[in-house]
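# Commentary on secondary and tertiary structure
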Amino acid sequence: QVKLMESGGGLVQPGGSLTLSCAASGSIFSMYVLGWYRQAPGNERVLVAAIPRGGTANYADSVKGRFTISRDDAKDTVYLQMNSLKPEDTAVYYCNARLQRRPYLPEGIYWGQGTQVTVSS
């Protein structure tokens, strides 16, 4: 069983900063791509940022230069540093992981339960 647990969401004023964390727990052999998605009310869930193991991160155009994704493989944790937040960043943010639970099992996709980020004055 694998579980992803997000933390760090909340209410912040425009121009402010937040850092989201997502820790994976359970039986994990290797974590490949880690990412953050977001879903605003009435909209589809969209990719915010993703980072492959040992690779280069990629970002949605709307967050480039403001958000930074990073990972700590020793802690099975991925972070999203969000700066210069705007009201349009308001959404539920979901952690996503493509990982293998065992070397002989295929890769699987796992999701966290989501954390609310609200940017408002």
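Residues numbered from 1 in each chain as written. Predicted model: local features only at pLDDT ≥ 70, side-chain atom pairs only at ≥ 80, totals over all residues. Heavy atoms only, no water.

## As for the pairing of strand E9 (residues 91-100)
Most of E9 is tucked away, with eight of its ten residues classed as buried. Inspection of the sheet shows strand E4 (residues 30-39) paired to E9 by nine bridges, in the antiparallel sense. Bridging across to E9, Met 31 finds its partner in Leu 99. Here E9 pairs with strand E11 (residues 115-119) via three bridges, running antiparallel. Paired with Ala 91 across the two strands is Val 117, which belongs to E11. In this sheet, strand E10 (residues 108-111) lies alongside E9 in antiparallel orientation, the contact comprising four bridges. (Buried < 20%, exposed > 50% of the residue type's maximum accessible area, 1.4 Å probe, protein only. Helix = DSSP H or I, 4+ residues; strand = E, 2+ residues; numbered from the N terminus. Pairing = 2+ DSSP bridges.)

## Things to note about the sheet that holds strand E7 (residues 67-72)
Judged by pairing direction, the sheet is antiparallel, and its four strands sit side by side in the order E1-E3-E8-E7 without closing on themselves. For this open sheet the edge positions go to strand E1 (2-7) and E7, each flanked by a neighbour on one side alone. Across this sheet, the average inter-strand angle for adjacent strands is 15°, counted without regard to direction. The sheet contact formed by E1 and strand E3 (residues 18-26) spans six bridges and is antiparallel. The residue bridging Ser 7 from the neighbouring strand is Ser 21, located in E3. (Axes fitted to C-alpha atoms, helices over the stretch in contact; angles between N-to-C directions.)

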